[in-house]
Amino acid sequence: MPEESDVLIIGGGAAGLMCALTAGARGRSVTLLEHNDRVGKKIAISGGGRCNFTNLGASPENYLSDNPDFCRSALARYTPADFIRLVEKHGIAYHEKKLGQLFCNTSAKEIINMLLAECARSRVRLSLETRVCEIRKSDRFEVLTNLGTFCAPSLVMACGGLSLPKLGATDLAYRIARQFGLRQIPARAGLVPLTLSGEWLGHCRALAGVSLEARVTYEKRTFQENILFTHRGLSGPAILQISSHWNPGEPLSINLLPGRSVPEVLGDPTLRELQLDNALGRVLPSRLAALWGSQLGPLRKLKQYNPPELARLGAMVNDWSPVPEGTEGYATAEVTVGGIDTRDLNQKTMEARSVPGLFFIGEAVDVTGWLGGYNFQWAWASGHAAGGVV
């Protein structure tokens, strides 16, 4: 016999758990299906294992979407302060790291345990290692799985995007959306390291492990945080941020010395007798200073360089313009950009406009946050929005 509930939720990540505990608290009978052997795998590894669970400054301006206004309603009705109250209710110690990013003091498992405790309080039934085989719709939704059939008048797709397949990411949400005629914005990897080729890759390999604060610009979007040179290209917070906006084949503008120009720095008369790399090393990591300085030929004393040469060096430092070859893809991407077209969803409830009772929340939707707790806040907010009406 099929198992009956008021609400079926597919996906035991941040959005799914929030939706489940919210609906359960309203007295709804809720069954959550998760194909992994435990819930919250992405939560567990986030923030270096300490879970950057929200950002104090989360606002619609911190999200990418073909419809930038779609996220406003959910974010306004469930704010970072609301989630912080839940965290404090469970006695979880946390701290602000930087730029409004909040982390657990000890372990991300505390957030998972908090969500599970709230689900248990609301009598949510968790069905683990449950793989969806087919979904049918008549007067209700029927979800056929390896463990039998589950039925409910409301079905919430909270099974995420394509990022981090090693944690079990699949395209199930997109397949179900297509089945029911919903449109999609093409998906791509976001918050992901960028790969380089040719001379640029050679530079990055020579500098692998070097990190410094930089200002990275693409079109009208700029992020100033650390970048990291890797054996494959570029990473670090500023690169991850810009990757969600970047289009293949186009250059970035990277200022490796934000706030200062090379002519200004090297114009100091006390540096004239130093070799160029040593002079530049006063303001840049030594390996970077040596490599960039060597682009002008054999290293010489600073006083032996003419103004055009130093201007060329200045352009390389203050406006380095590499053209990435691509990204490292979903294997290392923190999020999926694109997804279910928000034109087909109700912004207040996350319900499909053309399919009553069908909801999409979290990363599956075409709403992608910046790095720094914004994507978790969208998960909480969209899960709460759907959980309040299913």
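Relevant structure appears above.
The structure displayed is predicted, hence computed values, not measured ones.

Peer 1: Mind laying out the overall build of the chain, listing which residues take part and the relevant values?
Peer 2: Of the regular secondary structure elements, the chain holds 13 helices and 22 strands. Along the three orthogonal principal directions, the C-alpha set of the chain runs to about 85 × 45 × 35 Å. Taking all 390 residues of the chain together, the buried fraction comes to 55%. Once local pairs closer than 6 in sequence are excluded, the contacts in the chain between residues at least 24 apart make up 71%. Here the chain has roughly 16300 Å² of accessible surface; of this, 50% comes from carbon and sulfur atoms. One finds the centroid of the 41 positive side-chain charges in the chain at a distance of 2 Å from the centroid of its 37 negative side-chain charges.

Peer 1: Which residues make up the state of the cysteines, and what values do they have?
Peer 2: Counting across every chain of the model gives zero disulfides. As a non-bridged cysteine, C133 has C159 as the owner of its nearest cysteine sulfur, 14 Å distant.

Peer 1: Residue-level account of the sheet that holds strand 4 (residues 52-55), with values.
Peer 2: One open sheet accounts for three strands, arranged 4-7-6; its pairing is antiparallel. Because the sheet does not close on itself, it has two edges, and the strands there are strand 4 and strand 6 (94-96). Taken pair by pair, the neighbouring strands of this sheet meet at an average axis angle of 25°, ignoring direction. As paired elements, strand 6 and strand 7 (residues 101-104) share three bridges and run antiparallel to each other. Looking across to strand 7, one finds that H95 is bridged to F103.

Peer 1: So what about the sheet that holds strand 17 (residues 233-235)? Which residues, and what values?
Peer 2: Whether parallel or antiparallel, the strands of a sheet pair through hydrogen bonds between backbone atoms. Strand order in the open sheet made by the six strands is 18-15-16-17-14-19, with antiparallel pairing throughout. Across the chains shown, the open sheet's two edge strands, defined by having one partner strand only, are strand 18 (253-255) and strand 19 (326-327). Sheet analysis places strand 16 (residues 221-229) next to strand 17, joined by two bridges and oriented antiparallel. If you follow L228 over to strand 17, its bridge partner there is S235.

Peer 1: Break down the pairing of strand 10 (residues 141-145) for me, with residues and values.
Peer 2: The element strand 10 is largely enclosed, with a buried count of five among its five residues. Bridge count for strand 9 (residues 132-137) against strand 10 is five bridges, and the pairing is antiparallel. Its bridge partner being in strand 10, E134 is matched across the sheet by L144. Hairpin connection of strand 9 to strand 10: three residues between the antiparallel strands. Summarising the sheet, strand 10 and strand 11 (residues 148-152) pair through five bridges and their orientation is antiparallel. By the bridge assignment for strand 11, F141 is matched with A152. Counting the residues that bridge the hairpin from strand 10 to strand 11 gives two residues.

Peer 1: Help me get a handle on the side chain of S244, residues and values and all.
Peer 2: Tracing the sequence through the fold places S244 in the loop between helix 8 (237-243) and strand 18. Note on S244: relative accessible area 1%, which makes it buried. Discounting residues that sit within four places of it in the chain, S244 has contacts with L64, R188, G190, L191 and V337.

Peer 1: For the packing of helix 1 (residues 14-25) against helix 13 (residues 374-387), give the residues involved together with the corresponding values.
Peer 2: Relative to each other, helix 1 and helix 13 sit at 35°, their axes nearing to 7 Å. As for how helix 1 packs across helix 13, the hand of that crossing is right-handed. Note on element contacts: helix 13 touches helix 1 through F376, A379, W380, S382, G383, H384, A386 and G387, opposite A14, A15, M18, C19, T22 and A23. Class assignment of the residues belonging to the contact of helix 1 with helix 13 gives a composition of nine nonpolar, five polar and no charged.

Basis of the calculations
- Residues numbered from 1 in each chain as written.
- Predicted model: local features only at pLDDT ≥ 70, side-chain atom pairs only at ≥ 80, totals over all residues.
- Heavy atoms only, no water.
- Helix = DSSP H or I, 4+ residues; strand = E, 2+ residues; numbered from the N terminus.
- Buried < 20%, exposed > 50% of the residue type's maximum accessible area, 1.4 Å probe, protein only.
- Contact = heavy atoms within 4.5 Å.
- Areas by Shrake-Rupley, 256 points an atom, 1.4 Å probe, with all protein chains shown as cover.
- Lys, Arg positive; Asp, Glu negative; His and termini not counted.
- Charge placed at Lys NZ, Arg CZ, Asp CG, Glu CD.
- Disulfide = S-S within 2.5 Å.
- Pairing = 2+ DSSP bridges.
- Axes fitted to C-alpha atoms, helices over the stretch in contact; angles between N-to-C directions.
- Left-handed = near helix turned anticlockwise from the far one by under 90°.
- Nonpolar A, V, L, I, M, F, W, Y, C, P; charged D, E, K, R; others polar.

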